[in-house]
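# Structural overview for review
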Amino acid sequence: MPSSSSSAGEKTAKNAAPPLPEPLRVPVADSHTHLDMQAGTVEEGLAKAASVGVTTVVQVGCDVRGSRWAAETAALYDAVHATVALHPNEAPRIVHGDPDGWSRQGARQPGGAQALDEALAEIERLAALPQVKGVGETGLDHFRTGPEGKEAQESSFRAHIEIAKRHGKALVIHDRDAHADVLRVLKEEGAPERTVFHCYSGDAEMAEICARAGYFMSFAGNVTFKNAQNLRDAVAVAPLELLLVETDAPFLTPAPYRGRPNAPYLIPVTVRAMAAVRGIDEDALATALASNTARAFGY
Ligand SMILES: [Zn+2]
Ligand SMILES: [Zn+2]
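What you see is a predicted model; the values in this text were computed from it and never measured. (Residues numbered from 1 in each chain as written. Chains lettered and ligands numbered in written order. Predicted model: local features only at pLDDT ≥ 70, side-chain atom pairs only at ≥ 80, totals over all residues. Heavy atoms only, no water.)

## Considering the coordination of the zinc ion (ligand 2)
Coordination sphere of the zinc ion (ligand 2), protein contribution only: His32 (NE2), His34 (NE2), Glu137 (OE) and Asp248 (OD), at 2.1 to 2.4 Å. Seen from the zinc ion (ligand 2), its four donor atoms lie at angles of 86 to 176 degrees, and the figure they make is irregular. Between the donor residues of the zinc ion (ligand 2), the gaps in sequence give the motif H-x1-H-x102-E-x110-D. In this model, the zinc ion (ligand 2) sits 3.6 Å from the zinc ion (ligand 1), the two metals being bridged by Glu137. Taken together, the residues span a long stretch of sequence, with His34 in the loop between β1 (28–33) and α2 (42–51) and Glu137 in strand β4 (residues 132–141) at a distance of 103 residues. The class for His34 is buried, based on a relative accessible area of 1%. (Donors = N, O, S within 2.8 Å, 3.2 Å for Na, K, Ca; no water. Tetrahedral: all angles 85-135°; square planar, octahedral: opposite > 155°, others 65-115°. Helix = DSSP H or I, 4+ residues; strand = E, 2+ residues; numbered from the N terminus. Buried < 20%, exposed > 50% of the residue type's maximum accessible area, 1.4 Å probe, protein only.)

## Things to note about the packing of helix α9 (residues 229–237) against helix α10 (residues 267–278)
With their axes 9 Å apart at the nearest point, α9 and α10 run at an angle of 70 degrees to one another. The angle between α9 and α10 places the two elements in the roughly perpendicular class. Seen from above, α9 lies across α10 with right-handed handedness. In this structure, α9 uses Arg232, Val235 and Ala236 to contact α10, whose residues at the interface are Met274, Val277 and Arg278. Looking at the contact of α9 with α10 residue by residue, the class counts come to four nonpolar, no polar and two charged. (Axes fitted to C-alpha atoms, helices over the stretch in contact; angles between N-to-C directions. Parallel < 35°, antiparallel > 145°, perpendicular 65-115°, else oblique. Left-handed = near helix turned anticlockwise from the far one by under 90°. Contact = heavy atoms within 4.5 Å. Nonpolar A, V, L, I, M, F, W, Y, C, P; charged D, E, K, R; others polar.)

## What about a negative patch on the surface?
A surface patch of negative charge is lined by Asp203, Glu205, Glu208 and Asp233. Mapped onto the elements of the fold, Asp203 is located in the loop between β6 (195–198) and α8 (204–213). (Patch = residues over 30% accessible without salt bridge, like charges linked within 9 Å, V, L, I, M, F, W, Y side chains within 5 Å. Areas by Shrake-Rupley, 256 points an atom, 1.4 Å probe, with all protein chains shown as cover. Salt bridge = Lys/Arg side-chain N within 4 Å of Asp/Glu carboxyl O. Lys, Arg positive; Asp, Glu negative; His and termini not counted. Charge placed at Lys NZ, Arg CZ, Asp CG, Glu CD.)

## Some words on the coordination of the zinc ion (ligand 1)
Glu137 (OE), His174 (ND1) and His198 (NE2) make up the full set of protein donors to the zinc ion (ligand 1), lying at 2.0 to 2.1 Å. Site description for the zinc ion (ligand 1): donor spacing in sequence, E-x36-H-x23-H.

## Here we look at the pairing of strand β5 (residues 170–176)
It is a general feature of regular strands that their side chains alternate between the two faces of the sheet. Across the seven residues that make up β5, a large majority, six, are buried. In this structure, β4 lies alongside β5, joined through six bridges in parallel fashion. Within the sheet, the bridge partner assigned to Gly134 lies in β5 and is Ala170. For the crossover from β4 across helix α6 (residues 150–167) to β5, the handedness is right-handed. With four bridges joining them, β5 and β6 adopt parallel strand pairing. Looking across to β6, one finds that Val172 is bridged to Val196. Between the parallel elements β5 and β6, the chain passes through helix α7 (residues 179–189) in a crossover that is right-handed. (Pairing = 2+ DSSP bridges. Right-handed = clockwise from strand over helix to strand, strands pointing away.)

Below you can see the structure in the form of structure tokens.
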């Protein structure tokens, strides 16, 4: 029944997984993903990604439970490396409690500074594991956390920087509407040897500051969005050897699939957009991205 099935088909297509892009000829890594928030099994996600040349993923933890899962998953699969942390919006919730918390565990009792210390101790224990290659995502988020959570957020960020340095791991930064403060705290604490700005959201001017400091800049699917010229300007000026690519899946699905579920297999769409911005060959960019990600995370 072509007429009825076509209208039903359109409805499904809106939320349906985007089609497989043409495979990359040079394999790359998704430098930041959340497999635990995506549909399907880990095996399915990894197989689908590998089928288009995305052969490695960095699985990022956002709370204690998610960080344990990231470490366990990285121990099971060679293609997965883990990072562990309390997300910048998670730290204030541990201290003050928040019924709309990130953790999806429902209402939570405020735990005070001691609860934050206990959670950080568990992050530190996980950070020492060999399959855990980074500490993050940590940083500052002035968009979702209000002034009441600022202090807990910043002290948690500082603690994560120390953990990364103590264990010689990469630091993965989440910076939302907080560029100047993130750069300030990094300067005050002294950044670890390898620091990655995940879902880079600054402009070309900030990219030059990051380049001078040797910070990696990881670009997500939003680099393809019409209103994101600042991100394309940053891609254009960032040194090739500091560029990474990520999905941050299930979020930030690249155009033309915006709004549909994101997953590591869509990395080629973003790689091609970045190659077009820089006016370089896709294979050359993929070669750089692959070696940059390995260098950033030390695998
Ligand atoms: Zn983030
Ligand atoms: Zn993330």
